[in-house]
Amino acid sequence: MFKTLKFYRAKLRSKPELILSIFFIIVFSFLIVVPFLKMIHTTFTYQSYDLRLARGAVQGAFTWFHYQRVFASDLTKSFFITPLLNSIGVGFSVTIIAMILGSLLAWLFVRTDIPHRKFFQTVIVVPYMIPSWVIALAWQLFFQNTRIGGQSGVLSTFFHIDVPDWLSYGFVPIVICLALHYYSYTFLLMSGALQTIDSELEEAGSIAGLKRREILRKITFPLVLPALGSSFVLTVTRSMGTFGTPALLGLPVRFFTLPTQIYAMINARNMGDSFVLALVLIVMAITAISINNKIIGVRKSFVTMKGKGFRAKPMELGKAKPVLVALLIVFIIMIIVLPIIMLTWSTFMLLPDNYSFSNLTSHFWVGKSVAMISSGEPGIFRNRGVLRATLNSVKLGVLASIVNAFLGLLIGYSVVKNRGTRLSKLIEGVAFAPYVFPGIAFSAIYLGMFSKSFGPIPAMYGTFSLILLIVIVKNLPFSSRSGIAAMLQVDKSLEETASIQGIPWLKRFRLIILPLCKSGFVSGMLLTFITAMRELSLVILLVAPNTGLLTTMIFSYKTQEQTQHVNGVTLILLVIIILANIIIKKFANTKTGQSINLG
Amino acid sequence: MSKISLDNLTKKFGIVAAVDGINLDVVEGEFLTLLGPSGCGKTTTLRMIAGLEEPTSGELYSDEKVLFSKEKGVYVPPEMRNLGFMFQSYALWPHMNVTRNITLGLESKKIPSSEIKTRVNDVLNKVQLKGYEDRFPSELSGGQQQRVALARMIAAKSDIFLMDEPLSNLDAMLRIDMRSELKHLHNELGATTVYVTHDQVEALTLSDRIVVMNNGKIIQCDTPEAIYMNPQNLFVAKFVGSPPINLMKGRIIKENNNLFFKNKAIKLDLKGVVAPETESSDIIAAVRAEDIEVSPSSSENQSEAFNVYSVLPAGSETIITLQRGETELAVKLSGFSSTKMNDSISIKIRPEKISFFNPETEELIR
């Protein structure tokens, strides 16, 4: 007995991946599994909100009450069916448009002789960096009508067009705005996949006598299928679970999707019902992911397959070239240039729907507080709240990106080193779980869990730490994915040879693994920074007045109809994200000169 | 005295035993090769010796010290085993230059920097890479990368070297060069070496002893000569030697008090050797390509002549494939041969050059 113990102690000490795995299991069960179980538990017990609705209810007692209310009552239609159908409708419409758009663009840039490829490619992924609801803000500036309330948009003021309701709010604008954001995901995944396909595979097809269309259908398409599958799952789950855009463009006309319905319920303190809906979203996301894994699962290797990544002869566009370039430019102007110009312009307008030059003012940027304008809110550059929110957001982004990048790498290490074991699969799976949690419900749970002191953890209600914690946990799926990918790139013999030479683990990690994973590390950091900066639904319940973030500030200005401040703060957010992108890209490029691949 | 001892060492992946209870003593200073087809467990065995793979059961000793034993509660991690390991991929750290690749491990051993300097100098001289100190692995050719890996291993001055197919990524010419260098180096340093390869020529040329493995078990452990001349079973016979050993199915028969090996194509006189007592049952006769003598067939032995199926001259030797019925024989002749395709050839095999195997057990009969 003693000897077995001694053996396992020696083994544990020599296998840091085991220690790490145990650490992750403990931390993850606390931060991911327990909240999830709490969510389920809440749906099965009476909450304080229910006491006045259900006769004889005892708080905390077991009940089917919530399930009954959501799935089989008079309220089912408005609570569940309508939001569900809206979510599905939005999700699938967005996915179809975004995937077609993204794939076509990817094809255009990877496989044809389109000019100024580099420039276009950089610009076309800008929507990926900026929050999806920025386009929604710009949309409102254009298509708003006065019937629903608020100011009138450009179209009705300038051109005296009576914008119909369906074009200014609800399903159509939500789908368009989301599609113009999510196409960038398909674009990135598809360009990656198209680049790795060895052109010889297609050339072999044409030598074998296949026509161009047949090559596309029988060779290229099956090879990019895994990338298409990933794009599909990513777009469908994210567009169904997104909050910002449906909130901006849906709530004014009471167009609810599941996330906005959950938000409305949580705001009304109706936790039980809202978590039932959250579980519905979770089940839908898991279904989409597992269907994808079933269909594509075995072919996943295609994506990682090595190709020369090089195509001798791109397809010649010929006469279509100038037309396509013109279309591209129009597209970019419409989805990036015009929205940003509109946002900027609106911040200089004293009256939000007066587009004359005499109406221009710098008040909303540099003006002192005037009680008549914007409820006395001082200009953005003089506004302490904005300054604090900016600092908070940047602090959140920087801290989360550093912590997440390290965690991702360590998760990657323990997953890859234990590859093939159940432990490895478990860690990978649990680290991915937060992906399917709807942000608002997740934060509601955290709010409940951490508002009182919990074991060794002090009460974190209203603190910045709680926001940081939840952002880190919610980003684990992405950072662990990129950590695993980075670790898989490092041949295991590189660390093994170091351990044989007697180099201790910390030194191995610092001198060998970390430098070799640097590019994955940096890109993981950038990804977390961007998502942390644009996080809205996840943090909206958790911010206190002194922990406000740029996004929550934008949202609260929006509810107060202070258009100029909304757009001004949004611009600040955009500038920070784009600056961070440039800085990190520069930093990463100068240092990743040497190839990570072996041999 | 044995330097490394494997006692009933087993490694299971799930229910599959990759290494199935092997016992092996590696003698101090010898060059021992683990030879076998891919998946036979040779690399797993080597990685268990290094500590990179944890055995499922069994014990492992070095210098009579326990390195691994579940019963005794001992697990010495690779960091503490003090051995050298050379990977098939060389495992050079791509972000460090040649010097740093060599010194990193030495620093961890708390060796003074002046000593490190002289060692780097020495080993780079030894592997003829003087002047390449500041190069990065990507700036070196495959052969040079290999030398760096070798230098790194030598510099640690451990007395056990483990090598996992170190030559298999090199092109044919370099491989032959490196073989002779490895052998010279082993002679010079005298480190106990365990070498893994699937290349039987490499095993024969380098080793003091060869361990032939298959399906996680040791099939035969012997000197190269014994492995080549007296394979203990069909597997070893077939695996070692190029061209592969000739195998003929047939029977032993007695005619006029003389024993013969006979099948449809061939009848061999076994005069002068003690033939196995397995008359009238199937048997497999094995003979090396260089042990067959050929001559143009004359009219009298036309009935036993073979047809020449192919002639493959390779400069120093020519391999001729002969065919008669279902029997095919490879013959190795030195230099170029005047034999033409489709010639008619008669053969002669000296009885003592023939080995017999039991077709069922595949074991050597004689």
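Given the structure is predicted, the values throughout are model-derived calculations rather than measurements.

Quick notes on the rules
- Residues numbered from 1 in each chain as written.
- Chains lettered and ligands numbered in written order.
- Predicted model: local features only at pLDDT ≥ 70, side-chain atom pairs only at ≥ 80, totals over all residues.
- Heavy atoms only, no water.
- Helix = DSSP H or I, 4+ residues; strand = E, 2+ residues; numbered from the N terminus.
- Buried < 20%, exposed > 50% of the residue type's maximum accessible area, 1.4 Å probe, protein only.
- Contact = heavy atoms within 4.5 Å.
- Areas by Shrake-Rupley, 256 points an atom, 1.4 Å probe, with all protein chains shown as cover.
- Lys, Arg positive; Asp, Glu negative; His and termini not counted.
- Charge placed at Lys NZ, Arg CZ, Asp CG, Glu CD.
- Pairing = 2+ DSSP bridges.
- Axes fitted to C-alpha atoms, helices over the stretch in contact; angles between N-to-C directions.
- Patch = residues over 30% accessible without salt bridge, like charges linked within 9 Å, V, L, I, M, F, W, Y side chains within 5 Å.
- Salt bridge = Lys/Arg side-chain N within 4 Å of Asp/Glu carboxyl O.
- pLDDT = per-residue confidence, 0-100.
- Parallel < 35°, antiparallel > 145°, perpendicular 65-115°, else oblique.
- Left-handed = near helix turned anticlockwise from the far one by under 90°.
- Nonpolar A, V, L, I, M, F, W, Y, C, P; charged D, E, K, R; others polar.
- Buried area = accessible area lost by both parts, 1.4 Å probe.
- Polar contact = N/O pair within 3.5 Å; in protein donor to acceptor, adjacent residues only side chain to side chain.

A.B. asks: Help me get a handle on the overall build of chain B, residues and values and all.
C.D. replies: Per the secondary structure count, chain B includes 8 helices and 21 strands. Overall, the C-alpha framework of chain B stretches about 80 × 50 × 35 Å when taken along its three principal axes. By the burial criterion, 53% of the 366 residues in chain B qualify as buried. When contacts within chain B are restricted to residue pairs at least 6 apart in sequence, those whose partners lie at least 24 apart make up 62%. Accessible surface, chain B as shown: approximately 16700 Å² in total, 49% of it carbon and sulfur. Across chain B, the centroid of the 41 positively charged side chains sits 2 Å from that of the 48 negatively charged ones.

A.B. asks: A description of the sheet that holds strand 3 (residues 31–35) of chain B should follow, citing residues and the corresponding values.
C.D. replies: Note: strands within a sheet are paired through backbone hydrogen bonds, in either parallel or antiparallel orientation. All names here are of chain B. Spatially, the 6 strands line up as an open sheet ordered 7-8-9-3-10-11, and their pairing is mixed. Strand pairing shows two members of the sheet lacking a second neighbour, strand 7 (84–86) and strand 11 (217–222), which therefore form its edges. The sheet shows a mean angle of 15 degrees between the axes of neighbouring strands, direction not considered. Sheet topology note: the strand 7/strand 8 (residues 160–164) ladder contains 3 bridges and is parallel. From the neighbouring strand, Phe85 faces strand 8, where its bridge partner is Leu162. The strands that helix 4 (residues 142–155) touches are strand 7 and strand 8; relative to strand 7, the one it contacts most, it runs at about 170 degrees.

A.B. asks: Talk me through a nonpolar patch on the surface; I want residue IDs and the actual numbers.
C.D. replies: The grouping of Ile329, Ile333, Val337, Leu338 and Ile341 of chain A at the surface amounts to a nonpolar patch, some 360 Å² of accessible area in total. Looking at where Ile329 of chain A falls in the secondary structure, it is placed in helix 17 (residues 320–347).

A.B. asks: How would you sum up the pattern of salt bridges? Please name residues and give values.
C.D. replies: Residues and elements named next belong to chain B. Scanning all chains against the criterion turns up 26 salt bridges over all chains. A salt bridge links Glu30 to Arg209; the shortest N-O distance between them is 2.7 Å. Taken together, the residues Glu30 in the loop between strand 2 (16–27) and strand 3 and Arg209 in strand 10 (residues 209–214) connect sequence positions 179 residues apart. Glu30 sits in the buried class, given a relative accessible area of 6%. In this structure, the salt-bridge partner of Asp282 is Arg251, at a minimum N-O distance of 3.3 Å.

A.B. asks: I'd like a rundown of helix 2 (residues 98–108) of chain B, residues and numbers included.
C.D. replies: The buried fraction of helix 2 of chain B amounts to 8 of the 11 residues, a majority that puts the element mostly inside the structure. If you check which residues of helix 2 of chain B are buried, you get Val98, Asn101, Ile102, Thr103, Leu104, Gly105, Leu106 and Ser108 of chain B. Structurally, helix 2 of chain B contributes buried residues whose contacts are with helix 24 (505–516) of chain A together with helix 3 (113–126) and helix 4 of chain B. Of the residues flanking the end of helix 2 of chain B, it is Lys110 of chain B, one or two places downstream, whose phi is positive at about 60 degrees.

A.B. asks: Could you give an account of the confidence of the model for chain A, with specific residues and numbers?
C.D. replies: Atomic detail in the predicted coordinates should be set aside for any region of low pLDDT. Residue and element names in this part refer to chain A. When pLDDT is averaged along chain A, the result is 86, and 94% of the positions lie at 70 or above. Counting interchain partners and residues more than four positions distant, the pLDDT-below-50 stretch residues 301–309 has 15 contacts. Note that residues 590–599 has pLDDT below 50 and, in this model, 15 contacts with residues that lie over four places away or in other chains.

A.B. asks: Outline the packing of helix 5 (residues 117–124) of chain A against helix 17 of chain A, supporting the account with residue identities and numerical values.
C.D. replies: Each pair of packed helices gets described by two things: the angle between the helix axes and the distance between those axes. Residue and element names in this part refer to chain A. Direction vectors running N to C along helix 5 and helix 17 enclose 30 degrees, while the axes themselves pass 11 Å from each other. Between helix 5 and helix 17, the crossing angle belongs to the class labelled roughly parallel. Every pair of crossing elements has a handedness; the one defined by helix 5 and helix 17 is left-handed. Facing Phe120, Val123 and Ile124 of helix 5, the residues of helix 17 in contact are Val325, Leu328, Ile329, Phe331, Ile332 and Ile336. For the contact of helix 5 with helix 17, the residue count by class is 9 nonpolar, no polar and no charged.

A.B. asks: Quick rundown of the pairing of strand 19 (residues 327–334) of chain B? Include the residues and the values.
C.D. replies: Along any regular strand, the residues point their side chains to alternate faces of the sheet. Residue and element names in this part refer to chain B. As judged from the 8 bridges shared by strand 18 (residues 317–324) and strand 19, these two strands associate in the antiparallel manner. Residue pairing in the sheet places Ile319 in a bridge with Lys332 of strand 19. With antiparallel pairing between neighbouring strands as the criterion, strand 18 and strand 19 make up a hairpin whose turn holds 2 residues, including Gly325 at a positive phi of roughly 60 degrees.

A.B. asks: Which residues make up the interface of chain B and chain A, and what values do they have?
C.D. replies: With 35 residues of chain B at the interface, the matching set in chain A holds 31 residues. Counting the surface chain B buries against chain A, the share from its top three residues, Tyr75, Glu79 and Trp93 of chain B, is 21%. Here chain B is connected to chain A by 3 salt bridges. Here Arg508 of chain A and Glu79 of chain B are joined by a salt bridge, their closest N and O atoms 3.2 Å apart. At the boundary of chain B with chain A, the tally comes to 10 residue pairs in polar contact (both at pLDDT 80 or more). Mapped by element, the contributors of at least two residues to the side of chain B that touches chain A are helix 1 (42–50), strand 5 (65–69), strand 6 (74–75), strand 7 and helix 2 of chain B. For the side of chain B that touches chain A, the per-class residue count stands at 17 nonpolar, 8 polar and 10 charged.

A.B. asks: Tell me about the side chain of Thr547 of chain A, residues and numbers included.
C.D. replies: All names here are of chain A. Mapped onto the elements of the fold, Thr547 is located in the loop between helix 25 (518–534) and helix 26 (550–559). Using a relative accessible area of 5% as the deciding quantity, one classes Thr547 as buried. Among the polar contacts listed, one links the side chain of Thr547 to the backbone nitrogen of Ala544, at a separation of 2.7 Å.

A.B. asks: Talk me through unusual backbone geometry; I want residue IDs and the actual numbers.
C.D. replies: The step from Ser242 of chain B to Pro243 of chain B runs through a cis peptide bond, and the omega angle for that step is -5 degrees. Its identity is not glycine, yet Arg254 of chain A carries a phi of approximately 55 degrees, on the positive side. Mapped onto the secondary structure, Arg254 of chain A falls in the loop between helix 13 (244–250) and helix 14 (258–267). What makes Arg254 of chain A exposed here is its relative accessible area of 64%. Here the phi dihedral of Arg269 of chain A falls at roughly 70 degrees; this positive angle occurs in a residue that is not glycine.

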